[in-house]
Structures are given as structure tokens and as C-alpha cells.
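Overview (structure and organization)
Here are the chains, one letter per residue:
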Amino acid sequence: MSEDFNSNKRIALDFGLGMGYFRMGKDMFTTNQVYIGNYGNSGQYDPVFWLRLNLKNAKETACTKRIRKKCSGFTFKIEPAEITNEIESLYSHYLASVNFDGYPSCKDCIPSLHEPEDVFDTYTIKIFDQDQLIGVGFFDRGEKSLMSVLHFYHPTYKRYSLGKYLMLLTMDFAKDANMDFVYPGYITINGTKMDYKVFPQVEAMEVYLSKDNNWAPLENYPKSELDIYFFKQLLGIDFDNLEEAFN
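In this report, the structure presented in the accompanying data block is examined. Each residue is numbered by its place in its chain's sequence as written, counting from 1. It should be noted that, the model being predicted, local features are given only for residues of pLDDT at least 70 and side-chain atom pairs only at 80 or more, the latter also being counted only at that level, while totals for whole chains, interfaces and linings use all residues. Excluding hydrogens and water, the side-chain figures rest on all heavy atoms present in the structure.

**Re helix H5 (residues 162–176)**
Between its first and last C-alpha atoms H5 spans 21 Å; for 15 residues at 1.5 Å apiece the expected length is 21 Å, and the two agree. Burial of H5 is extensive: eleven of the 15 residues sit out of reach of the surface. Of all the positions in H5, only Leu162, Gly163, Tyr165, Leu166, Met167, Leu168, Leu169, Thr170, Met171, Phe173 and Ala174 are classed as buried. Per the convention used, a helix needs a DSSP run of H or I reaching at least four residues, while a strand needs a run of E reaching at least two, with both numbered from the N terminus. Asparagine 178 sits one or two positions beyond H5 and adopts a positive phi of about 60 degrees. Multiplying 1.5 Å by the helix residue count minus one yields the expected span of that helix. When accessible area is computed with a 1.4 Å probe and restricted to protein chains, residues below 20% of their type maximum are described as buried, those above 50% as exposed, and intermediate ones as partly exposed.

Here it is, written out as C-alpha cells:
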């Protein structure tokens, strides 16, 4: 595959990510809410906001240093993506250990890897304890940014915070490539399962305000403010005016 073709894919990814679009399977998509279940006959949804890590503001913290020290005995490789039986087996062990839904397999998450219609330049991070594969991360590479796609690890290594270590290795790769941003996905307003994505530090995180088509510092927008933004700017519901109307 030509370098020009890969470069075009990377430029297109940068543009999509900057507009609040992210990978789902073979395509890019965006949304302002996710389905979380039913209440009676009605579906319940939780507002979501997309994040990115501004690498210029990302610094080492006591937490990141502690995780790097815990994982210093492991080795890792970063290379163009592959999905092997060993990787799928590790993912199956991980999926069985968590209490949330995930893709049935890595190939379901990354279905067009190495196929002609693949529009992503995908890489794999592999973490080893000696010869044993214990952690895997996939990310899509742009020119000035990259997007985390899937991270998982062997459940017996949970105490090592391998999920966060994979995030640090992803950040390191982006910095070494002189990139500007890492896109980890979204957070939800009412749930907490996605809050880990503000790692390594909220001060370096930006949140996408889709009505304004603008990225803003996340530390200026606690969840209470994002909730107001969702209803007022995206749904056109101003609760302050509603209260005045009923008084």
C-alpha cells in the first residue's frame, strides 16, 4: 500500500475527528446520546460528549508515574495492526470479566482490517509479561492526531492498571510522532463507566461542543454544565424559562 494512500487516510481521519466524528466498525459516526435501557415502554438515553487530549498540555503526574513504575517489568511492541487467534483469545477472557457490553470479537470492532475498503491506518500495541501476551490496544493513526479504538488486558493483571498503561503508551506514540491530539472517545453525563477516559489529567482534556462546532477545556465544563448545554443548546429546552412560565 502506497505511502500517499496512507497519508490521505490519515488526513481524512484528522478532519473527521476534529468535527466530532469517531470510528464505528468500517465507518465514522457521531451522536449526542446513547441508549441505556427501557423505562416502561420508552427508551432511556444518556447524553454524551466527545473528548480529546491536548498533548501540548499533557504532563506527567504522580498517578502516571506510579502506573509506569508498576508496569516497568513488562515489554511492549507497537506495529501495524493484526488480529491473531492469540489476541482474540485474550479479548474473550477480558470480555468475560467485565460488566458491560462489548463487541463480540476484535474482528467485529475492526471488520475491514487489511481489506481494500479499509479507510483507517490502524496500529496495535501489545504488552507482554515475558512471552505471555497480557494487554492489547488498537488505535487509528492520523497525521496530527490518533484515535483509541479498543483496549483490553488479561483479568489477572487488573491490579497493574493495564488499561491506563495502554492509554499512556498511546499518548507516548502520538507525542513521538509530533501529533497534537489523542481522541479517547466519549463520556456520559449520568453514568460513570466512561469517566476513566479523562485520564491522564482533566486539565489537558478538551470537550466537543457540537452546537458551537468548538473544542473547549473540559475543566471549564463539569457534567452539570454539560447537562445544561445538552438540553438548552442541542434540544432547545431552557428549564429556567419553563420554571418562569409555570410561576
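**Considerations on the packing of aromatic side chains**
Only Phe, Tyr and Trp rings are paired, with Trp represented by its six-membered ring, and only when their centres lie within 6.5 Å; those with planes under 30 degrees apart are stacked, over 60 edge-to-face, the remainder tilted. On inspection of all chains with the given rule, the structure shows 19 aromatic pairs. Arranged with centres 6.4 Å apart and planes meeting at 40 degrees, the rings of tyrosine 94 and phenylalanine 152 form a pair that is tilted. Of this pair, tyrosine 94 sits in helix H3 (residues 85–97) while phenylalanine 152 sits in strand E8 (residues 145–153), and the two are 58 residues apart along the sequence. With a centroid separation of 5.0 Å and an interplanar angle of 45 degrees, the aromatic rings of tyrosine 208 and tryptophan 215 are classed as tilted. Relative accessible area serves as the criterion here: at 8%, tyrosine 208 is assigned to the buried category. On the basis of relative accessibility, which here comes to 12%, the residue tryptophan 215 falls in the buried class. Pairwise contacts between aromatic rings join Phe22, Phe29, Trp50, Phe181, Tyr183, Tyr186, Tyr208 and Trp215 into one cluster. The positively charged end of arginine 23 is found above the aromatic ring belonging to phenylalanine 120, 3.9 Å away from the centroid. Only when the NZ of Lys or the CZ of Arg is both within 6 Å of the ring centre and within 35 degrees of the ring normal is a charge said to sit over the ring. Over the aromatic face of tyrosine 186 sits the side chain of lysine 197, whose NZ or CZ is 5.3 Å from the ring centroid.

**Re the pairing of strand E10 (residues 205–209)**
The buried count for E10 comes to five of five residues, which makes it a mostly enclosed element. The two faces of E10 match: Met205, Val207 and Leu209 on one face and Glu206 and Tyr208 on the other face are all buried. Sheet topology places E10 next to strand E11 (residues 214–217); four bridges connect them, and they run antiparallel. Across the sheet, tyrosine 208 pairs through a bridge with tryptophan 215, a residue of E11. Criterion used throughout: strands pair if DSSP finds at least two bridges between them. The antiparallel pairing of E10 with E11 creates a hairpin that spans four residues between the two strands, and asparagine 213 there sits at a positive phi of about 50 degrees.

**Quick look at a nonpolar patch on the surface**
Patch membership is restricted to residues that have no salt bridge and whose relative accessible area is over 30%. Joining uses 9 Å for like charges and 5 Å for the nonpolar side chains Val, Leu, Ile, Met, Phe, Trp and Tyr. Note on areas: these come from Shrake-Rupley sampling with a 1.4 Å probe, and a residue is covered only by the protein chains present in the view. Each reported salt bridge corresponds to a side-chain nitrogen of Lys or Arg within 4 Å of a carboxyl oxygen of Asp or Glu. Taken together, Phe15, Met19 and Tyr21 make up a surface patch of nonpolar side chains, about 320 Å² in accessible area. Mapped onto the elements, tyrosine 21 comes out in the loop between helix H1 (3–18) and strand E1 (22–24).

**Structural notes on the pairing of strand E7 (residues 132–141)**
The buried fraction of E7 is high, at nine of ten residues. As defined by bridge partners, strand E6 (residues 122–129) adjoins E7 across eight bridges and the pair is classed as antiparallel. Of the residues in E7, the one forming a bridge with isoleucine 125 is glycine 137. Taking the residues that link successive antiparallel strands as the turn, the E6-E7 hairpin has two residues, and the phi of glutamine 130 there is positive, at about 60 degrees. Sheet topology places E7 next to E8; seven bridges connect them, and they run antiparallel.

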